[in-house]
Amino acid sequence: MAGRYLRNKDLIDQSRLDRITVIGAGGIGSSLLQNAAIMGFKNITVWDPDMLEEHNLSTTSWPEIYLNQPKVLAAEKTCKLLNKNVNIKKRDVFWETGHTLTNKVFLTPDNMECRLAVYKQWKENPNREFLIDMRMGALGYEIITVTRESDYFMDSYLPSNKIADDPCTAKHTIFCGSLASSFGLSQAFNVLQNRLYYAYIWGSLCPVSLRREHLVKPQKK
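The notes below deal with the structure included here. Keep in mind that what you see is a predicted model, and the values were worked out from it rather than measured.

A closer look at helix H2 (residues 71-82)
With twelve residues, H2 extends 16 Å between its outermost C-alpha atoms, agreeing within 8% with the 16 Å of an ideal straight helix rising 1.5 Å per residue. Within H2, burial applies to Lys71, Val72, Leu73, Ala74, Ala75, Glu76, Thr78 and Cys79. Elements that come into contact with the buried residues of H2 comprise helix H1 (27-39), strand S2 (43-47) and strand S3 (87-91).

Examining unusual backbone geometry
Positioned with a positive phi, Asn68 is a non-glycine residue whose angle comes to about 70°. Relative to the elements of secondary structure, Asn68 occurs in the loop between S2 and H2. Positioned with a positive phi, Asn194 is a non-glycine residue whose angle comes to about 60°. Along the chain, Asn194 turns up in the loop between helix H4 (174-192) and strand S7 (200-204).

A few points about the packing of H1 against H2
Two elements in contact, H1 and H2, have axes separated by 9 Å at closest approach and are oriented at 30°. It follows that H1 is roughly parallel to H2 by the angle criterion. Both H1 and H2 take part in a crossing whose hand is right-handed. Between H1, through Leu33, Gln34, Ala37 and Ile38, and H2, the contact on the second element is made entirely by Ala75, Thr78, Cys79 and Leu82.

Let's talk about the pattern of salt bridges
In total, this model carries nine salt bridges according to the counting rule given. Between Arg115 and Asp133 there is a salt bridge; the shortest N-O distance is 2.5 Å. In this pair, Arg115 sits in helix H3 (residues 112-123) while Asp133 sits in strand S5 (residues 130-136), placing the two residues 18 residues apart along the sequence. Of the charged contacts, one joins Glu142 and Arg135 as a salt bridge, the two residues approaching to 4.0 Å between their closest N and O atoms. A residue is classified by how much of its surface remains accessible, and Arg135, at 7% relative accessible area, is buried.

Calculation rules
- Residues numbered from 1 in each chain as written.
- Predicted model: local features only at pLDDT ≥ 70, side-chain atom pairs only at ≥ 80, totals over all residues.
- Heavy atoms only, no water.
- Helix = DSSP H or I, 4+ residues; strand = E, 2+ residues; numbered from the N terminus.
- Expected span 1.5 Å × (residues − 1).
- Buried < 20%, exposed > 50% of the residue type's maximum accessible area, 1.4 Å probe, protein only.
- Contact = heavy atoms within 4.5 Å.
- Axes fitted to C-alpha atoms, helices over the stretch in contact; angles between N-to-C directions.
- Parallel < 35°, antiparallel > 145°, perpendicular 65-115°, else oblique.
- Left-handed = near helix turned anticlockwise from the far one by under 90°.
- Salt bridge = Lys/Arg side-chain N within 4 Å of Asp/Glu carboxyl O.

Shown next, in the form of C-alpha cells:
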C-alpha cells in the first residue's frame, strides 16, 4: 500500500492526519467521514445517537443495507471498506459536555446548542488545533473554521429557537451535504498545511462565476 497516497503525498502531510472527532453522522457527516477515511485520517471518533431511517436514504451517503441500524455502525463498516487501516470509535449517544474531544473537531449535529457546547469545551483545550462547524439547509451551507489564533464562532451563532425552521421535507439535500463536507475537509487541509483560508464561508447553489448566456430558464409546463 506504499502508493496509496502517492497522488497527494507532497501536498498533505500524512502525519498530521491523526485523531479527529466528528459530531454527527447524517447528511454532512456521512460524506465527511467517508472522505476523511479516504484522505488518510487514522483515528476517528464519531458521535451520533440516531438510526438510519428510510427518509435518510436520500440525504445521506450510507448504503441502504444499514437501514434501521445505527448510523455509527454504518460509519464504521463503510469507512473500513474504503480504508481498512482507519480506526473508527463508535459513540451511539448524543454528545454531552464532559465527553472527550480530540484537538481536531468536525461539527455536523442537527442543533445549535450542541454546537455551542462542543465549541466551549474545545476552547478549554490548550492543544486545540481546529474546530470546523458545517451547517446546511436544502439549498445552502455555512462553514465556520475556528483555530486557537482565529475565532469568529460566535459571530454567526444563533440559538435554535432564533432560526427559522425549514419544512421537514426541505431541510436536506445530498448535494449540499456533499458540498459542506468537502469544504470542511478542505478547510482542515488549509489549517493543517498553514495555507490561506476564509474563517467564514457562506454558499448556495448559485455559482460563484457565471455568464448571462449560460443562464437557463426552465420552460413553463
